[in-house]
Amino acid sequence: MTTTHRREPTPADPARVEALVAASGFFNPDEVRIARELVEERLQRGLASGYRFLFADAADGALDGYSCFGPVDGTARSWDLFWIAVAPARQRHGLGRALLVATEAEIAALGGGLVWVETGGKALYEPTRRFYERCGYRREAELRDFYAPGDAKVVFVREVPAASSGA
């Protein structure tokens, strides 16, 4: 199954992202709401929102996955990867990695050098932590009980290669 990537959200995307994030099984209701709100904010404010997206659309029009990322204010080259989610039927088929690689390329093309990611420390997120490690991210910090008692905030970072100049 092939997907195409696009950068610009459409008016249908807030609901599509909300459904995708909820279906993934990794996010609580507040996080699902926030994922939707970030797309809505981008639609309302454009790039001034600070949020950029990559959407992975299936040939049939379904949303197979997406990422949300943006520069870290006050830094020279740090970017946050706020969200990356893949539809359950498309998980474990390389789409997440492909979306992450494409996101890193976008960040590099925009002058970014470091990509920061955070995830939870509960057992539920062990596959997520292993995913980032397999993709070349290193565990930089762990903040105990950050999200809730027993749920740490685990921070990963990766330096992305500089964008090709095309010369």
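Structure: above.
Rules used in this analysis
Residues numbered from 1 in each chain as written. Predicted model: local features only at pLDDT ≥ 70, side-chain atom pairs only at ≥ 80, totals over all residues. Heavy atoms only, no water. Salt bridge = Lys/Arg side-chain N within 4 Å of Asp/Glu carboxyl O. Helix = DSSP H or I, 4+ residues; strand = E, 2+ residues; numbered from the N terminus. Buried < 20%, exposed > 50% of the residue type's maximum accessible area, 1.4 Å probe, protein only. Patch = residues over 30% accessible without salt bridge, like charges linked within 9 Å, V, L, I, M, F, W, Y side chains within 5 Å. Areas by Shrake-Rupley, 256 points an atom, 1.4 Å probe, with all protein chains shown as cover. Axes fitted to C-alpha atoms, helices over the stretch in contact; angles between N-to-C directions. Parallel < 35°, antiparallel > 145°, perpendicular 65-115°, else oblique. Left-handed = near helix turned anticlockwise from the far one by under 90°. Contact = heavy atoms within 4.5 Å. Nonpolar A, V, L, I, M, F, W, Y, C, P; charged D, E, K, R; others polar. Core = buried A, V, L, I, M, F, W, Y, C linked by side-chain atoms within 4.5 Å. Polar contact = N/O pair within 3.5 Å; in protein donor to acceptor, adjacent residues only side chain to side chain.

> Which residues make up the pattern of salt bridges, and what values go with them?
With the rule as written, the count across this model stands at 20 salt bridges. In this structure, the salt-bridge partner of arginine 16 is aspartate 13, at a minimum N-O distance of 3.0 Å. A residue pair is termed a helical-turn pair when its members lie 3 or 4 positions apart in one helix, as arginine 16 and aspartate 13 do in helix H1 (residues 13-24) at three residues. The exposure class assigned to arginine 16 is partly exposed, which follows from its relative accessible area of 24%. Residue class for aspartate 13 comes out buried when judged on its relative accessible area of 0%. Here arginine 36 makes a salt bridge to glutamate 18, at a shortest N to O gap of 2.7 Å. Residue arginine 36 is located in helix H2 (residues 29-45), and its partner glutamate 18 is located in helix H1; the two are separated by 18 residues in the primary sequence. With a relative accessible area of 28%, glutamate 18 lands in the partly exposed category. Linked through salt bridges whose partners overlap, the residues forming this network are Arg6, Asp13, Arg16 and Asp57.

> Provide a residue-level description of a nonpolar patch on the surface, including the pertinent values.
Where nonpolar side chains cluster on the molecular surface, the patch consists of Leu143, Phe146 and Tyr147 and spans about 270 Å² of accessible area. Mapped onto the elements of the fold, leucine 143 is located in strand E6 (residues 138-148). Owing to a relative accessible area of 38%, leucine 143 belongs among the partly exposed residues under this scheme.

> Go over the packing of helix H3 (residues 95-109) against helix H4 (residues 126-134) with me, naming the residues and quoting the values.
One way to put it is that H3 packs onto H4 with a least axis distance of 11 Å and a crossing angle of 55 degrees. Here H3 lies oblique to H4, going by the angle between them. The interaxial crossing formed by H3 with H4 has right-handed handedness. Facing Gly96, Arg97 and Leu100 of H3, the residues of H4 in contact are Phe131, Tyr132 and Arg134. Of the residues belonging to the contact of H3 with H4, the class tally is three nonpolar, one polar and two charged.

> For unusual backbone geometry, give the residues involved together with the corresponding values.
The phi angle at aspartate 145 is positive, at roughly 55 degrees, despite the residue not being glycine. Note that aspartate 145 resides in strand E6. Note on aspartate 145: relative accessible area 39%, which makes it partly exposed.

> Mind laying out the nonpolar core, listing which residues take part and the relevant values?
Judged by nonpolar contacts, the single largest core of 22 residues is most densely connected at Leu81, Leu100, Val115, Val117, Tyr132 and Tyr137. Of all the elements in the fold, those that place two or more residues in this core are strand E2 (52-58), strand E4 (78-86), H3, strand E5 (114-120), H4 and strand E7 (151-159). Examining the composition of this core, we find that six residues originate from one element, H3, more than from any other. For leucine 100, the residues in contact, after removing those within four places along its chain, are Leu81, Ile84, Phe131, Tyr132, Cys135 and Tyr137. In terms of nonpolar packing, the next biggest core, distinct from the first, is built from 16 residues, Val17, Tyr66, Ala85 and Ala87 among them.

> How would you summarise the environment of arginine 6 if you had to cite specific residues and measurements?
Mapping arginine 6 onto the fold places it in strand E1 (residues 3-6). Placed 44 residues apart in sequence, arginine 6 and glycine 50 show a C-alpha to C-alpha distance of 17 Å. Setting aside residues up to four positions removed in sequence, arginine 6 forms contacts with Asp13, Arg16, Phe53, Leu54, Phe55 and Asp57. Within the structure, the side chain of arginine 6 is placed 2.8 Å from the backbone oxygen of glutamate 8, a separation counted as a polar contact.

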